[in-house]
Amino acid sequence: MVAYNKFQPFSEALAEKVHNLGSDQLKIALCDAAHAPVAGNAQLSDLTQISYTNLSSRNVTTSTSVQSAGTYKLTLADLVLLASGGSVAPFRYAVLYNDTAANDELLGWFDYGADLTLLSGNSFTIDFDGSGGALTLA
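The structure reproduced in this document is the subject of the present report.

**Topic: the environment of Asn41**
Here comes step 1: In this structure, Asn41 sits in the loop between strand 2 (26-31) and strand 3 (59-60).
Here comes step 2: Taking the C-alpha atoms as reference, Asn41 lies 7.4 Å from Leu106; in sequence the two are 65 residues apart.
Here comes step 3: Each residue touching Asn41, except ones within four places of it in the same chain, is listed here: Phe7, Pro9, Asp46, Leu47 and Leu106.
Here comes step 4: In terms of polar contacts, Asn41 uses its side chain to reach the backbone amide nitrogen of Val38, at 2.8 Å.

**Description of the nonpolar core**
Here comes step 1: Counting residues in each nonpolar core, the largest one holds 27 residues, and the members touching the most others are Ile28, Ile126 and Phe128.
Here comes step 2: Broken down by secondary-structure element, the contributors of at least two residues to this core are strand 2, strand 5 (71-76), strand 6 (79-82), strand 7 (88-98), strand 8 (106-118) and strand 9 (123-126).
Here comes step 3: Not counting the four nearest positions on each side in its chain, Ile28 is found in contact with Arg58, Val60, Leu79, Ala94, Val95, Leu96, Tyr97, Ile126 and Phe128.
Here comes step 4: Counting residues in each nonpolar core, the second largest holds 10 residues, with Ala29, Cys31, Leu44 and Trp109 among its members.

**Details of the pattern of salt bridges**
Here comes step 1: The tally for this structure, following the rule as stated, stands at 1 salt bridge.
Here comes step 2: Salt-bridge contacts for Asp111 lead to Arg92; the nearest nitrogen and oxygen are separated by 2.7 Å. Residue Asp111 is found in strand 8, and its partner Arg92 is found in strand 7; the two are separated by 19 residues along the sequence.
Here comes step 3: Judged by relative accessible area, Asp111 falls into the partly exposed class, the value being 27%.

**Here's the deal with the pairing of strand 4 (residues 62-68)**
Here comes step 1: As defined by bridge partners, strand 4 adjoins strand 5 across 6 bridges and the pair is classed as antiparallel. Counted as the bridge partner of Ser68 is Thr71 from strand 5.

**A short note on the sheet that holds strand 8**
Here comes step 1: Strand order in the open sheet formed by 5 strands is 1-8-7-2-3, with antiparallel pairing between adjacent strands. Strands with a single pairing partner mark the edges of an open sheet, and in this sheet they are strand 1 (4-6) and strand 3.
Here comes step 2: As defined by bridge partners, strand 2 adjoins strand 7 across 6 bridges and the pair is classed as antiparallel. Considered in strand 7, the bridge of Lys27 is made with Tyr97.

**Some thoughts on the sheet that holds strand 5**
Here comes step 1: Strand order in the open sheet formed by 3 strands is 4-5-10, with antiparallel pairing between adjacent strands. On the outer flanks of this sheet lie strand 4 and strand 10 (135-137), each paired with one strand and no other. When strand polarity is set aside, the average angle formed by the axes of neighbouring strands in this sheet is 10°.
Here comes step 2: One ladder, built from 3 bridges, connects strand 5 with strand 10; its direction is antiparallel. Looking across to strand 10, one finds that Lys73 is bridged to Thr136.

The rules behind these values
Sequence positions are assigned chain by chain, starting from 1 and proceeding in written order. For this predicted model, a pLDDT threshold of at least 70 governs which residues receive local features, and a threshold of 80 or more governs which side-chain atom pairs are given and counted, while totals over whole chains, interfaces and linings are taken from all residues. To get the side-chain values, take all heavy atoms of the structure and skip hydrogens and water. Secondary structure elements follow DSSP: runs of H or I no shorter than four residues count as helices, runs of E no shorter than two count as strands, and numbering proceeds from the N terminus. Should any heavy atoms of two residues lie within 4.5 Å, those residues are counted as being in contact. Here a polar contact means two N or O atoms within 3.5 Å. Within protein one must be a hydrogen donor candidate and the other an acceptor candidate, and residues neighboring in sequence count only if both atoms are side-chain atoms. What is meant by a nonpolar core is a set of buried Ala, Val, Leu, Ile, Met, Phe, Trp, Tyr and Cys residues, joined one to another through side-chain atoms within 4.5 Å. Only protein chains enter the calculation, and the probe is 1.4 Å; a residue is then buried if its accessible area is under 20% of its type maximum, exposed if over 50%, and partly exposed in between. One side-chain nitrogen of Lys or Arg within 4 Å of one carboxyl oxygen of Asp or Glu is enough to make a salt bridge. Note on pairing: DSSP must find at least two bridges between two strands before they are called paired. Here an angle of 0 to 180 degrees is reported between the N-to-C directions of two axes, which are lines fitted to C-alpha atoms, with helices fitted over the stretch in contact.

Written out as structure tokens, the structure reads:
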């Protein structure tokens, strides 16, 4: 499993009611090694994304959004990205963002360590940790 890295502005955006993680549409953006996200990025326009030609939907499904004993946990269904009709540009980073928010605010990113390329017919699964949750807030 790849570690989750939080964007610093996410905390303020959460406190100022930008996100409703239980109902907003979350999505994945992909960036290559030359265009790494940085902790201070706040919105999707801060990133340089790859071309999504030949790639399946990047919409993420929320499984649960609950708190228990003061700890909030967001659980997301794993996302399978599928290349179809050609290869997909290399990517290293999968960035989770809020597609419902006015400025497509960023939540966090996953670093896969090296650029990955999907050839036509290949798939790649983003594992959001079904037991521990994609993110927790205590």
